[in-house]
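Residue strings, one per chain:
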Amino acid sequence: MSDSHISRLRVVPLPDGRGLRVVGAVDLSTREIWGDVLESATANGSPIRLDLSELSFIDTRGTSMLVTAAQSRPGTAPLTITRPPTVLRRVLTVLCPDEPMKIVIEEQEAS
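Calculation rules
Residues numbered from 1 in each chain as written. Predicted model: local features only at pLDDT ≥ 70, side-chain atom pairs only at ≥ 80, totals over all residues. Heavy atoms only, no water. Helix = DSSP H or I, 4+ residues; strand = E, 2+ residues; numbered from the N terminus. Buried < 20%, exposed > 50% of the residue type's maximum accessible area, 1.4 Å probe, protein only. pLDDT = per-residue confidence, 0-100. Contact = heavy atoms within 4.5 Å. Patch = residues over 30% accessible without salt bridge, like charges linked within 9 Å, V, L, I, M, F, W, Y side chains within 5 Å. Areas by Shrake-Rupley, 256 points an atom, 1.4 Å probe, with all protein chains shown as cover. Salt bridge = Lys/Arg side-chain N within 4 Å of Asp/Glu carboxyl O.

Time to look at unusual backbone geometry. For Arg-83, which is not glycine, the phi torsion reads 45° and is therefore positive. Tracing the chain through its elements places Arg-83 in the loop between β4 (79-82) and α4 (86-95). Taking relative accessible area as the criterion, Arg-83 reaches 29% and is therefore assigned partly exposed.

See the structure below:
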């Protein structure tokens, strides 16, 4: 992983250990990292949270990867995304308006 990738997309564990905070942008230059994040987050089907409040940009391929990872994960537990960018929230609504999504969008209240 090069320094440019580190500065463009960072992933850190949430304090409770049950999720990840994604910071930066998902685009062509960081797509491989995003794929690794999604793979590890969805591998075992356990409930997990991705805090996307510091995600500044996600391209259409990154969004598609998120949907595919959530829909293909084992078990019934949804992938919870917290405070996604407004555009991502809208795109997810448009992509799958009628089918049950395995993505739950949560807006955490400020503490």
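This is not the end of the story, as more comes after the structure.
Below, the discussion takes up the confidence of the model for the chain. Per-residue pLDDT for the chain averages 84, and the proportion of residues at 70 or more is 86%. The spread of mean pLDDT over the elements of the chain runs between helix α1 (residues 3-8), the lowest at 52, and strand β2 (residues 19-26), the highest at 95. A low-confidence stretch, residues 1-6 stays under pLDDT 50, and its non-local contacts, those more than four residues away or across chains, total five contacts.

This brings us to a nonpolar patch on the surface. A surface patch of nonpolar side chains, amounting to about 250 Å² of accessible area, comprises Val-87, Val-91 and Leu-95. With respect to the element layout, Val-91 can be found in helix α4. Of the residues examined, Val-91 reaches a relative accessible area of 34% and is grouped as partly exposed.

Tracing the backbone shows Leu-95 in helix α4. For the pair Leu-95 and Val-67, spaced 28 residues apart in sequence, the C-alpha separation works out to 8.8 Å. Leu-95 has contacts with Thr-63 and Val-67, leaving out every residue within four places of it along the chain.

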